Every structure is written in C-alpha cells, then in structure tokens.
Amino acid sequence: MKNIPFNKNSILLAPMAGITDSAFRKICKKYGADVTVSEMISSKGIYYRDKKTSSLMHYTAQEEPIIIQIFGNDSECMKNAAEYINLHSTPAAVDINMGCPAPKIFQNGDGCALMKDPDKAYKIIRSVKQVSAFPVSVKFRSGIDSEHINAVEFAKMCQSAGADFITVHGRTRSQFYSGKSDIEIIKSVVSGVSIPVIANGDITDAVSAKHMLDYTGAYGIMIGRAALGNPFIFAEIKKELFNTFVPTTDIFSAAREHLMYAVENKGEFSAVREFRKHLLYYLKGINNASQLKRMSNSVITVDDCLKIFELAGKNI
Ligand SMILES: Cc1cc2nc3c(=O)[nH]c(=O)nc-3n(C[C@H](O)[C@H](O)[C@H](O)COP(=O)(O)O)c2cc1C
C-alpha cells in the first residue's frame, strides 16, 4: 500500500468544520488518533489567497500525519489548490470533500452535490491527482437520498480517476447527521474497490469500532462526533481492540490542555469564545451541569473556563 500514509486499522479523526482546528487535532492526536484531517478548505479561497482560508491550512508536527481536505466543483480551481498545497505544505494526503450536505455548499454544486455528477467528480479527482505531490483521497456519503444510493459506483469512479484511498460515511445527503449510518453500504463499497476504504459513521465506542472493522473489512475507521468532549475515545478503542496503551488523564485536565492550545493559536479573545461549544461537549454526562452549561455560554476569559473545569471536576 505504497500510497497510503498510515497503517491498516488506523483510527482517523474526522474533519469537522468549526471544530477540528489545530488545538482539537493536537488533543485528539495526543490521546490516540492516528491521523487527523483539516477542516474543509475552499479551493476558491486558496485561489483568491484569502487569509482565513490559509489559516485553516496551518498545522504543527503534533497533528501529523495530517490530511488536508479541500472542496470545490471547478477542476481547474481544485488543481490550483493542489498545486498550492505542493508548494506550501507537506500533508500525508489531500482529501477531496464530496460529502458535505450543508445547503450553502450543496446548492453551490460543491461537497455532496458532486455525487449527482460523477463525470464532473471524475474530472476533479483526475485534475488533483495529476498534479498532487501527495496521495489523493475522496470523502463521500452513501448517496444523495434513499432513492439515489450510488456509493459503490461512485467509489469505483474514484478508483478509476486515480484516488489512492476513499472514506465513506454511510448516510445520505438528505439524512445530514440524523438517522442511522448504513454499515451495509460501507461493506459493499469495500468489496467493490481494491483501494483502501476508511469507514465512517456512528462509531461511538470500542464495540462499534470493532464491528465496523470486522464487518466491513475496511482499512481504517474515522470518528467525528464521538470525539467531541471525549478525545480519549481513540485511546479507549486502541486499548480494547489492539491492547495498545495510550496514557490519558482526567477529562478536565485534557479540556484545559485543549483550551491552552487554542489560546496559543488564536489568542484569548477568540479562543475562549470559540471554546464555548467545546465546554458544552465536555460537560455532557456531568451531574447537575445545567448551571455550568449556562455559565459556559458567556465565558470570556481563560479564568472563566478554568472555574468551570474546577466546578465540573467536583461533579464527576
Ligand atoms: C459539525 C460538523 C462539521 C463537519 N465538517 C465536515 C467537513 O468539514 N468535512 C467533511 O468531510 N465532513 C465534515 N463533517 C462530517 C464528519 O466528518 C463525519 O463524516 C460525520 O460526522 C459522520 O461521522 P460520525 O458519526 O463519527 O460523527 C462534519 C460533521 C459535523 C458534525
């Protein structure tokens, strides 16, 4: 598997826009994620040298191996993005987002909309593959809706366009993030192609991780929402499945580290405001947390957050 920048049975942290920034990737990597992925990065933003876009490409050695994910529906623009990455970065791979269901993205013909237009998707993958100095992957869904499940054909198309590996999330675009992820379609995709497949959707613990790997025969697995407020999920799965020990700590010490990384990157003002959503995730499952959750919505300083960690630590 020359072009796969990670081992079989690897556990990847899923890309999540607005969540998986450098700080969160560091925390997940420290606690066992084998590979991280950037938030999705607009190829148009790269083309126009947008400052915010290039900040999304920033990462440190602690997050490596990292895959940079790009999106767009114009093959020239996507090719340009791959060339930009060649010059300015050294990711383990470049991933093309063909799974995002968000209306703003979908209506623009980007993300999952490309599953409706396999010819265009093929052109994009080929263009990126032709210039990329790094392995190229594609992340997509089971299909557009229950009437249009085309993940297997789409996977074959990705393979023939030159993708080195693919990631499949077993939901349709219409499902967004609700309902169940379809493990059967992931299994069919794995059988339908010879390139490695990363399986994604509803992996929440060691049992679901093991089932996903065993049942589908996938090369690796990818975890998104279950890592929110619980970066130890990677360590927990590795211990159960592979008897690999990754040291952890108490959850609010990890949350404090996460916050400190965020402050280092973005400064206290932005980091703390952006951290409000993470606080809510970290407080999930804590007894009598309603007052702490209310407090979380208005934190403005690091000390405000530390106070919450301290109080929450007493309620575990
Ligand atoms: C808030 C949020 C943001 C997301 N952003 C992206 C993204 O930028 N790129 C992408 O390919 N998928 C994105 N996803 C989808 C996830 O990568 C993943 O496919 C999905 O959450 C299913 O996995 P899970 O059940 O483990 O959460 C996002 C999901 C969430 C919840």
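Residues numbered from 1 in each chain as written. Predicted model: local features only at pLDDT ≥ 70, side-chain atom pairs only at ≥ 80, totals over all residues. Heavy atoms only, no water.

(A) Region of interest: the pairing of strand β5 (residues 93-98). Where burial is concerned, most of β5 is hidden: 6 out of the 6 residues are buried. Judged by which residues are buried, β5 turns out to be covered on both faces: A93, D95 and N97 on one side and V94, I96 and M98 on the other are all buried. Bridge count between strand β4 (residues 66-71) and β5: 4 bridges; the pairing is parallel. Across the sheet, Q69 pairs through a bridge with D95, a residue of β5. Between β4 and its parallel partner β5, the chain crosses via helix α4 (residues 75-88), and the hand of that crossover is right-handed. (Buried < 20%, exposed > 50% of the residue type's maximum accessible area, 1.4 Å probe, protein only. Helix = DSSP H or I, 4+ residues; strand = E, 2+ residues; numbered from the N terminus. Pairing = 2+ DSSP bridges. Right-handed = clockwise from strand over helix to strand, strands pointing away.)

(B) Broad picture of empty space enclosed by the protein. With the rule as written, the count across this model stands at 2 cavities of 30 Å³ or more. In this structure, the largest cavity encloses a volume near 70 Å³. Lining the largest cavity are G18, D21, A23, H258, A262, K266, A271, E274, F275, K277 and H278. The dominant element in the lining of the largest cavity, judged by the number of residues it contributes, is helix α11 (residues 251-283), at 8 residues. (1 Å grid on protein atoms, 1.4 Å probe; cavity = no way out; pocket = protein on both sides within 12 Å on 5 of 7 lines; lining within 4 Å. Points joined across faces, edges and corners; volume = space filled by probe spheres on them.)

(C) Structural context of the state of the cysteines. Counted by the stated rule, this structure contains 0 disulfides. Sulfur of C28: no disulfide; nearest cysteine sulfur belongs to C305 and is 18 Å away. Residue C28 is classed as buried on the basis of its relative accessible area of 0%. Here C158 stays unpaired: no disulfide links it, and the sulfur of C112, its closest cysteine neighbor, is 12 Å away. Classification of C158 as buried rests on a relative accessible area of 0%. (Disulfide = S-S within 2.5 Å.)

(D) Layout of the nonpolar core. With 68 residues, the main nonpolar core has I70, M98, I125, F140, C158, I166 and F234 as its most contacted residues. Broken down by element, this core gets its largest block of residues, 7 residues, from helix α7 (residues 151-161). Listed in part, the 27 residues of the second largest apolar core include F232, V299, C305 and A312. (Core = buried A, V, L, I, M, F, W, Y, C linked by side-chain atoms within 4.5 Å.)

(E) Main features of the layout of surface pockets. Quantified by volume, the second largest pocket comes out at close to 170 Å³. For the second largest pocket, the full set of lining residues is K180, S181, D182, I183, E184, G201, D202, I203, S208, H211 and M212. Mapped onto the lining of the second largest pocket, the elements with two or more residues apiece are α8 (183-192) and α9 (206-216). At 3 residues, α9 tops the list of elements feeding residues into the lining of the second largest pocket. Considering only residue class, the lining of the second largest pocket consists of 3 nonpolar, 4 polar and 4 charged. (Nonpolar A, V, L, I, M, F, W, Y, C, P; charged D, E, K, R; others polar.)

(F) Local environment of the site of the ligand. As a matter of local geometry, the ligand sits amid 16 residues, with P15, Q69, N200, D202 and R225 nearest to it. N97 is positioned such that a nitrogen or oxygen atom in its side chain is 3.3 Å from a nitrogen atom of the ligand. Considered on its own, the ligand offers 610 Å² of accessible surface; in the complex 88% of this is hidden by protein. Of the residues in the shell around the ligand, the class split is 7 nonpolar, 6 polar and 3 charged. (Near = heavy atom within 4 Å. Polar contact = N/O pair within 3.5 Å; in protein donor to acceptor, adjacent residues only side chain to side chain. Areas by Shrake-Rupley, 256 points an atom, 1.4 Å probe, with all protein chains shown as cover.)

(G) Representation of the environment of R294. With respect to the secondary-structure elements, R294 resides in helix α12 (residues 290-296). By relative accessible area, R294 is classed as exposed at 57%. As for R294 and L280, which are separated by 14 residues in sequence, their C-alpha atoms are 9.2 Å apart.

(H) Up close: the packing of aromatic side chains. For the coordinates displayed, the defined rule picks out 8 aromatic pairs. Ring centres of Y31 and F232 lie 4.9 Å apart, and the angle between their planes is 75°; this geometry places the pair in the edge-to-face category. Here Y31, found in the loop between α1 (22-30) and β2 (36-37), pairs with F232, found in the loop between β10 (220-223) and α10 (233-242); they are 201 residues apart in sequence, far enough to count as distant. Classification of Y31 as buried rests on a relative accessible area of 2%. Between F275 and F309 the ring centres are 6.3 Å apart and the planes differ by 80°, which places this aromatic pair in the edge-to-face class. Pair noted here: F275 is in helix α11 and F309 is in helix α13 (residues 302-315), with a separation of 34 residues, a long-range link. With relative accessibility at 2%, the residue F275 sits in the buried group. An aromatic cluster of three or more residues is present, and its members are F252, F275, Y282 and F309. Directly above the aromatic system of Y215 lies the positively charged group of K187, at a separation of 4.6 Å from the ring centroid. (Phe/Tyr/Trp six-rings, centres within 6.5 Å; stacked < 30°, edge-to-face > 60°. Lys NZ or Arg CZ within 6 Å of the ring centre and 35° of its normal.)

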